[in-house]
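Structure at a glance
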Amino acid sequence: FVRIQQIGPGMISQSTQQCHLCNGKGKMNDPNKLCKKCNGKRVEKKKTKLELQLNKTHKDGDKIVFNDMADYDPDATTQGDLIIIIRIAKHNIFKRIDNDLVVGLDINLIDSLIGFKFEFTHLDGSKFLIESNSIIKQDSVKVIKNKGMPYNSRGEVYGDLIFKFNVIYPDKWFNKAEHNIKDLFPDEWTMVEA
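For the structure given in this document, a descriptive report is provided here. Since we're looking at a predicted model, the values are computed, not measured. (Residues numbered from 1 in each chain as written. Predicted model: local features only at pLDDT ≥ 70, side-chain atom pairs only at ≥ 80, totals over all residues. Heavy atoms only, no water.)

Another point: the nonpolar core. Within the largest apolar cluster, 17 residues are counted, with the highest numbers of intra-cluster contacts made by Ile107, Phe120, Ile130, Leu161, Phe163 and Phe165. Mapped onto this core, the elements with two or more residues apiece are strand S6 (100–108), strand S7 (116–121), strand S8 (127–132) and strand S10 (161–168). In contact with Phe163, not counting residues within four places along its chain, are Val103, Leu105, Phe120, Ile130, Ser140, Val141, Lys142 and Ile144. (Core = buried A, V, L, I, M, F, W, Y, C linked by side-chain atoms within 4.5 Å. Buried < 20%, exposed > 50% of the residue type's maximum accessible area, 1.4 Å probe, protein only. Helix = DSSP H or I, 4+ residues; strand = E, 2+ residues; numbered from the N terminus. Contact = heavy atoms within 4.5 Å.)

It is worth spelling out the pattern of salt bridges at this point. Two side chains of opposite charge can pair, provided their charged atoms sit close to one another. The final tally for this structure, using the stated rule, is three salt bridges. Arg87 serves as the salt-bridge partner of Asp60, at 3.6 Å between the closest nitrogen and oxygen. Within this pair, whereas Asp60 is found in the loop between strand S2 (11–16) and strand S3 (63–66), its partner Arg87 is found in the loop between strand S4 (82–85) and strand S5 (94–97), the two being separated by 27 residues in sequence. In this structure Arg87 comes out as exposed when scored by relative accessible area, which is 60%. (Salt bridge = Lys/Arg side-chain N within 4 Å of Asp/Glu carboxyl O.)

Let us now look at the environment of Phe116. Note on placement: Phe116 falls in strand S7. We classify Phe116 as buried; its relative accessible area is 9%. The sequence separation of Phe116 and Ile135 amounts to 19 residues, and the corresponding C-alpha distance is 9.9 Å.

Bringing the sheet that holds strand S9 (residues 141–144) into the picture now. The strands making up a sheet are joined through hydrogen bonds of the backbone, oriented either antiparallel or parallel. Ordered in space as S5-S6-S10-S9, the four strands form an open sheet in which the pairing is mixed. Only two strands of the sheet have a single neighbouring strand rather than two, namely S5 and S9. Here the average twist between neighbouring strands, direction ignored, is 30°. Here S5 runs beside S6; their pairing, made up of four bridges, is antiparallel. Counted as the bridge partner of Phe94 is Val103 from S6. (Pairing = 2+ DSSP bridges. Axes fitted to C-alpha atoms, helices over the stretch in contact; angles between N-to-C directions.)

Interpretation in functional terms is not warranted from these geometric data alone.
Here's what the structure looks like:
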């Protein structure tokens, strides 16, 4: 509606304002005939159960869309969608990078030099042997093909399982271990000044 107000002799102010009775909708409901369930809002609150189909191919940030399932607006020409964004919780052993699974593996200095063998339990409970007969350097990796996450809906193609090694060095040598270790290595392995 247009509001005209005199603000002084020969001076008026004119403004367009929204109707406070209908809140600018241009129509009103008879208060005696309001619906008891919605109280004239034309929308009733209901709970709906939706089934969410998840599989191993989902990644962090993937979106699952339920069309026309947002809160209903009776004045809208199209209804909104309900969008579920997947957030994958951090695992204490595995880190997912694309479709590969990365495992940080601490090994001691002796195992890094002479090799090791241990049984590893995967996410699905399957067990397999991890072993090395060569020297493992700090941050070196061992890749096991097709043991990562599937990346097609039928689970036919898999990423890799990657072990990243962290060599734990001792804080100090005990007894005469330092001399015994020096005896194991040839002279060309000793430090040379630049």
